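Coordinate inspection notes
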Amino acid sequence: MVEKNKYDVVVIGAGNSGLMTACRASKMGLKVLCIEKHNMEGGAAQSFVRGRFEFEATLHEIPDFGVGEQRGMLGHLFDDLGIEVEWLPIPDAFRYIVADGKDIKMDVTIPHGREEFLAYMEKECPGCRKSCEIFLDASIVLNEGMDMIGKSRGKFDVQELKKTNPVLIKLFSLSAGDFMREIGMPQRVMDIISAYWPYQGVDIESVDACRFVLMSCSYFLGGAYMPKYRSHEIVAAIEKKAREYGCDFWFNTEVTSIGTKDGAVHSVTTADGRTVETCAVVANIFPNIIYGKLLDDKSLIPEFELKKINARSFGFRAMSVYLGLDASPEELGIKDYNVFINSTVDTEALFKKTAVPNVLADGDADNLTCTCTNIINPTASPEGTTLFSIVTSYMSEAWGMVKPEDYAKVKSQVADQFIRRYEQVMGIDLRSHIEEIEISTPVTFARYMGTPQGAVYGYYAPDWDGMSARTLVGVKEMTVPGLFIVGAHGNRLSGFLPTYNDGDIIGKQVMGYVMGGGMR
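Residues numbered from 1 in each chain as written. Predicted model: local features only at pLDDT ≥ 70, side-chain atom pairs only at ≥ 80, totals over all residues. Heavy atoms only, no water.

Another point: the overall build of the protein chain. Counting its regular elements, the protein chain contains 19 helices and 21 strands. The C-alpha radius of gyration of the protein chain comes to 23 Å, within 12% of the 24 Å expected for a compact globule of 520 residues. Overall, the C-alpha framework of the protein chain stretches about 65 × 55 × 45 Å when taken along its three principal axes. Taking all 520 residues of the protein chain together, 60% fall into the buried category. Taking all contacts inside the protein chain whose residues are at least 6 apart in sequence as the whole, residues at least 24 apart take part in 74%. Accessible area for the protein chain stands at about 20,600 Å²; split by element, carbon and sulfur atoms hold 51% of it. (Helix = DSSP H or I, 4+ residues; strand = E, 2+ residues; numbered from the N terminus. Rg over C-alpha atoms; globule rule 2.2 N^0.38 Å. Buried < 20%, exposed > 50% of the residue type's maximum accessible area, 1.4 Å probe, protein only. Contact = heavy atoms within 4.5 Å. Areas by Shrake-Rupley, 256 points an atom, 1.4 Å probe, with all protein chains shown as cover.)

Inspection of the secondary structure puts Val-141 in helix 4 (residues 129-152). In sequence terms Val-141 and Phe-179 are 38 residues apart; their C-alpha atoms lie 14 Å from each other. Setting aside chain neighbours within four positions, we find Val-141 in contact with Asn-165, Val-167 and Leu-168.

With that out of the way, let us pick up the sheet that holds strand 20 (residues 434-440). Adjacent strands of a sheet pair through backbone hydrogen bonds, lying either parallel or antiparallel. If you trace the seven strands from one edge of the open sheet to the other, you get 9-8-17-18-19-16-20, paired in mixed fashion. Pairing within the sheet leaves two strands with one partner each, and these edge strands are strand 9 (103-111) and strand 20. Here the average twist between neighbouring strands, direction ignored, is 15°. Pairing geometry for strand 8 (residues 92-100) and strand 9, over eight bridges, is antiparallel. Following the sheet pairing, Ile-97 is matched in strand 9 by Asp-107. (Pairing = 2+ DSSP bridges. Axes fitted to C-alpha atoms, helices over the stretch in contact; angles between N-to-C directions.)

With that settled, the discussion passes to unusual backbone geometry. Of note, Asp-64 is a non-glycine position whose phi angle comes to about 80°, a positive value. Position of Asp-64 among the secondary structure elements: in the loop between strand 6 (62-63) and helix 2 (73-81). Of note in this structure, Gln-453 is not a glycine but carries a positive phi near 60°. When you line up the elements, Gln-453 lands in the loop between helix 17 (442-449) and helix 18 (467-474).

Structure, rendered in structure tokens:
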């Protein structure tokens, strides 16, 4: 016998965005059910234990949680929802090292804080202060404009926007590289700021200026933070608050069908035979899967949605090497929380390298993000030990071409490249202190998260399909009535901060849809 339930909203997937939507919609009084196929919330926001070490799976840092005047939009969002997390401040924005072999071409450590950032840049490149101020101030204009567009729910007037926020319209048409050149930013300053490009999944000549400016400035101005108890502390806190607001959760439950009736969403059905009636479904899932496997009536899919899917490719796939070391950071000589290591400042060249089919065979590891958790959280691992990770990303589906019988050998070889590269550049011995090692590849993420090709960055987002473009058309190009899509593949794209914001925005849109009686 089929069990039937009825909810205002069903959220599929308890990842970052799905949880935030569930929390916001529940707080506003809607009856919400969140369904997750795994046994816990979070998606990629997890930690795992090997031996006596608990590793952070994905998060390096997150901005916008400053205090007082430095409190950013995400901090205020968490305050509004009552989500409580113990945050630890990260001392610097990043250390960026560009090295050709052992030859260090650049080694800079960028501080947080407006005046600190400006003073450092002026020291590095005298005369650059004005362009840096324009860069930072652009984020204020962008936040105001994006907030206005969000509140308009698709009814904003482009001509009026040109009058009230001409800078926003200008930025919508530029790549990050174009914008920095237009404001007269010296090349060296561009090269330094561009160190953040891996967090975007797109080189600075392709990523839209809006996204790059908002992300970069949120770090430079508001600082960066990590939760004391790994990223799962964040999602656990969101789930807890959502439950307090009345949200129900079904874990270990897979949705197999999204049902429609009279041209709109009507229900979801799970693998164990339960059917839930609802007028709104929020899916924290790739649209490829939604349209290809879940939606019962594919004739309802708008043509532009199919065209977008066919035009898009999957974004970054991540590989991480997690190390539990038997010595303290002080004993090892590790002083930095976060270090970017590249062989060149040319982000286009670095990005293209991630996309070549033979990228795994290249012994010169590049695009590395190296993180030592103990620098900001000395108690993250047992006394006298260190938690350390090295991460890179790929655009190529190279891991899909590795034969199953070669998989273990290949991932060990690539991990060895990462470790060797770090040791070569930093002059620090890691391998003789390895007590625990775990290696995750795109295959790991595909298996655990169910994302196509293990993509963790949603879709590749060049300027024609970046945050600016998706924001402008996203509220106009609506999909099947009652179906809302959130997550890294949504309008705000990938990253912890964007997906939390996206989930909150969708939660408010769902409220309007449900209270309006459905059927957009």
